[in-house]
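A look at the structure
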Amino acid sequence: MTRDGRLCDVEIFRKALGGGVVADSEVPEAFEILRRCGFEIHEMPPYRWAQLPAGLSTDREKAMATRAALAARAHGLVVDLDPQLEDPDTLRSTSTAAEQQLPPPGPEAAASRHRR
């Protein structure tokens, strides 16, 4: 659940007052995805959160946050990514890479194009 009460598995946002980029989740598997995307995992029982390392440029933070959101979504998690952290270049390049991995359309796709 997000800080404002919306349902999600992972919330990625910037801490108030110019703080770092943080990801919060109650789903244990989410932390492995976040770690693989460059987030550092922190624990202070009973709390657990992920945070991007300090010293990154704003552009790098946006790219890493967007990549983490896309990776979590690819694993079926519902992600709330702060719109101010969305990186259009990462979204575009990830979309292009996914399209390039699609198998070529079969005869059924060609037939349906000709019926339109």
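Scroll up a little and you will see the structure.
Points about the overall build of the protein
Each helix and strand in the protein was counted, giving 4 helices and 5 strands. Mapped in sequence order, the helices and strands of the protein form the string β-β-α-β-β-α-β-α-α. Here the protein holds 116 residues, and the buried ones make up 32% of them. Of all intrachain contacts in the protein linking residues separated by at least 6 positions in sequence, the fraction that spans at least 24 positions is 46%. In the form shown here, the protein has an accessible surface area of approximately 7,800 Å², with 54% of it arising from carbon and sulfur atoms.

Overview of the packing of aromatic side chains
Evaluation of the coordinates by the stated rule reveals 0 aromatic pairs. In this structure, R48 is placed above the aromatic ring of F31, and the distance from its NZ or CZ to the ring centre is 4.4 Å.

Digging into helix α1 (residues 28-36)
When we look at burial in α1, the residues that qualify are A30, F31, I33 and L34. Along the axis of α1, the buried positions cluster into a sector of 160 degrees, meaning they face one direction only. The exposed set on the far side of α1, more than 90 degrees from its buried face, consists of P28, E29 and R36. Tucked into the core, α1 has its buried residues touching β1 (10-14), β2 (21-25), β3 (40-44), β4 (47-51) and α2 (58-74). G38 sits one or two positions beyond α1 and adopts a positive phi of about 100 degrees.

A closer look at the pairing of β3
Where β3 meets β4, 5 bridges bridge the pair, whose relative direction is antiparallel. Looking at the pairing, E43 lines up with R48 of β4. Hairpin connection of β3 to β4: 2 residues between the antiparallel strands.

Rules behind the numbers
- Residues numbered from 1 in each chain as written.
- Predicted model: local features only at pLDDT ≥ 70, side-chain atom pairs only at ≥ 80, totals over all residues.
- Heavy atoms only, no water.
- Helix = DSSP H or I, 4+ residues; strand = E, 2+ residues; numbered from the N terminus.
- Buried < 20%, exposed > 50% of the residue type's maximum accessible area, 1.4 Å probe, protein only.
- Contact = heavy atoms within 4.5 Å.
- Areas by Shrake-Rupley, 256 points an atom, 1.4 Å probe, with all protein chains shown as cover.
- Phe/Tyr/Trp six-rings, centres within 6.5 Å; stacked < 30°, edge-to-face > 60°.
- Lys NZ or Arg CZ within 6 Å of the ring centre and 35° of its normal.
- Arc of directions from axis to C-beta.
- Pairing = 2+ DSSP bridges.

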